[in-house]
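# Chains, contacts and geometry: an overview
Listed below, chain by chain, are the residues.
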Amino acid sequence: MRAVGNTMSRMARMVRFAGLWSALAFAFNLAWEIAHVSLYTIWLSADGATIARAVFHCTLGDVVIALGAFALAGIVLRRFDWPMARPLAGCMIVTTSVMAFTVWSEWYNVYRTGGWGYAPKMPTIYGIGLSPLLQWLLLPPVLVLAFRALLPVELED
């Protein structure tokens, strides 16, 4: 019976860690989306309600991306508590994976499907928006630091 209790306790901690990561990802990405929405064509052509819905939609997508990267780091490092136990290695995995996804997603959505477009004032690097690149270069370390600040050290057994 003890093994079941340990498994449930471990699952509860995993859910708590993923929940905290997701909440932080939501807060930081919402702020970023609000700050850079004017760099996209939607800012030039849509009304306020449409822009607000787009910002919320994009923020939820960012949370999914961040949570997927959190899980990937956990799988690669073989521990879900990597922000506490292996923050540098986990942050590198998260940053690398989200940057790779962002380059593909921006290219695909801007140039292939036209899902969104850059306003003339969006700086680009090889045609990819600088703001989304900076978003996913800067936010992963911020997420790890905030995670560590908010959660007491609880390492896996």
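Just so we're clear, the structure is a prediction, and the values are computed from it rather than from any experiment. (Residues numbered from 1 in each chain as written. Predicted model: local features only at pLDDT ≥ 70, side-chain atom pairs only at ≥ 80, totals over all residues. Heavy atoms only, no water.)

## Examining the overall build of the chain
As a reminder, the rule being used: A run of H or I in DSSP becomes a helix once it reaches four residues, and a run of E becomes a strand once it reaches two; helices and strands are each numbered from the N terminus. Note on classification: 1.4 Å probe, protein chains only; a residue is buried when its accessible area is under 20% of the maximum for its type, exposed when over 50%, partly exposed between these limits. What makes two residues a contact is simply this: any of their non-hydrogen atoms within 4.5 Å. Working definition of accessibility: Shrake-Rupley area with a 1.4 Å probe, residue cover restricted to the visible protein chains.
Of the regular secondary structure elements, the chain holds six helices and two strands. The order of helices and strands in the chain, counted from the N terminus, is α-α-α-α-α-β-β-α. By its C-alpha atoms, the chain is 60 × 30 × 25 Å across when sized along the principal axes. Looking at the 157 residues of the chain, the share that counts as buried comes to 38%. In the chain, once contacts between residues fewer than 6 apart in sequence are set aside, the share between residues at least 24 apart is 73%. As presented, the chain carries roughly 8,900 Å² of accessible surface, and 70% of it is formed by carbon and sulfur atoms.

## Considering the packing of helix H3 (residues 48-77) against helix H5 (residues 87-112)
Heads up, the rule is: Each axis is a line fitted through C-alpha atoms, taken for helices only over the stretch in contact, and angles between the N-to-C directions span 0 to 180 degrees. Each angle is binned into one of four classes, with values under 35 degrees roughly parallel, values over 145 roughly antiparallel, values of 65 to 115 roughly perpendicular, and all other values oblique. Note: crossing handedness is left-handed where the near helix turns anticlockwise from the far helix by less than a right angle, and right-handed where it turns clockwise. Residue polarity follows a fixed list, in which Ala, Val, Leu, Ile, Met, Phe, Trp, Tyr, Cys and Pro are nonpolar, Asp, Glu, Lys and Arg are charged, and the others, Gly among them, are polar.
Contact geometry for H3 and H5: axes closest at 9 Å, N-to-C directions at 135°. Considering their axes alone, H3 and H5 lie oblique with respect to each other. As H3 runs across H5, the sense of the crossing is right-handed. Note on element contacts: H5 touches H3 through Ala-89, Gly-90, Ile-93, Val-94, Ser-97, Val-98 and Phe-101, opposite Ile-65, Ala-69, Phe-70, Leu-72, Ala-73, Val-76 and Leu-77. Taken together, the residues of the contact of H3 with H5 break down into 12 nonpolar, two polar and no charged.

## Structural notes on a nonpolar patch on the surface
Going by this rule: Residues with no salt bridge and a relative accessible area higher than 30% make up the patches, which join like charges within 9 Å and nonpolar side chains (Val, Leu, Ile, Met, Phe, Trp, Tyr) within 5 Å. One speaks of a salt bridge when a side-chain nitrogen belonging to Lys or Arg is within 4 Å of a carboxyl oxygen belonging to Asp or Glu.
A contiguous nonpolar surface patch, about 520 Å² in accessible area, is contributed by Phe-101, Trp-104, Trp-107, Tyr-108 and Tyr-111. Looking at the secondary structure, you find Trp-107 in helix H5. For Trp-107, a relative accessible area of 38% puts it in the partly exposed group.

## Observations regarding the nonpolar core
When a protein is soluble and globular, its nonpolar side chains tend to lie buried together. Keep this limit in mind: To qualify as a nonpolar core, a set must consist of buried Ala, Val, Leu, Ile, Met, Phe, Trp, Tyr and Cys residues joined through side-chain atoms within 4.5 Å.
By size, the foremost hydrophobic cluster in this structure holds 24 residues, and its most contacted members are Phe-17, Trp-21, Leu-24, Trp-82, Val-94 and Phe-147. Listing elements by their share of this core, those giving two or more residues are helix H1 (2-36), H3, helix H4 (82-85), H5 and helix H6 (130-150). Broken down by element, the residue count for this core peaks at six residues, all from H3. Of all hydrophobic cores here, the second largest spans seven residues; its members include Leu-39, Tyr-40, Tyr-118 and Met-122.

## A short note on the environment of Leu-60
One can find Leu-60 in helix H3. A C-alpha to C-alpha distance of 9.1 Å links Leu-60 and Ala-25, two positions 35 residues apart in sequence.

## So, H5
What counts here: The length a helix should cover is 1.5 Å for every residue beyond the first.
When the terminal C-alpha atoms of H5 are compared, their 36 Å separation across 26 residues agrees well with the 38 Å that a helix rising 1.5 Å per residue should span. The positive-phi residue at the C-terminal boundary of H5 is Gly-114, with phi of around 70°.

## Looking at the pattern of salt bridges
Summed over all chains, the structure comprises one salt bridge. Across the pair Asp-81 and Arg-79 runs a salt bridge, and its minimum N-O distance is 2.6 Å.

## A short note on the side chain of His-36
Of note, His-36 is situated in helix H1. Setting aside anything within four residues of it in sequence, one finds His-36 in contact with Ser-131, Pro-132 and Gln-135.

## Digging into unusual backbone geometry
Positive phi outside glycine occurs at Arg-78, with the angle close to 60°. You can see Arg-78 is positioned in the loop between H3 and H4. Look at Tyr-126: it is not a glycine, yet its phi comes out positive at around 50°.

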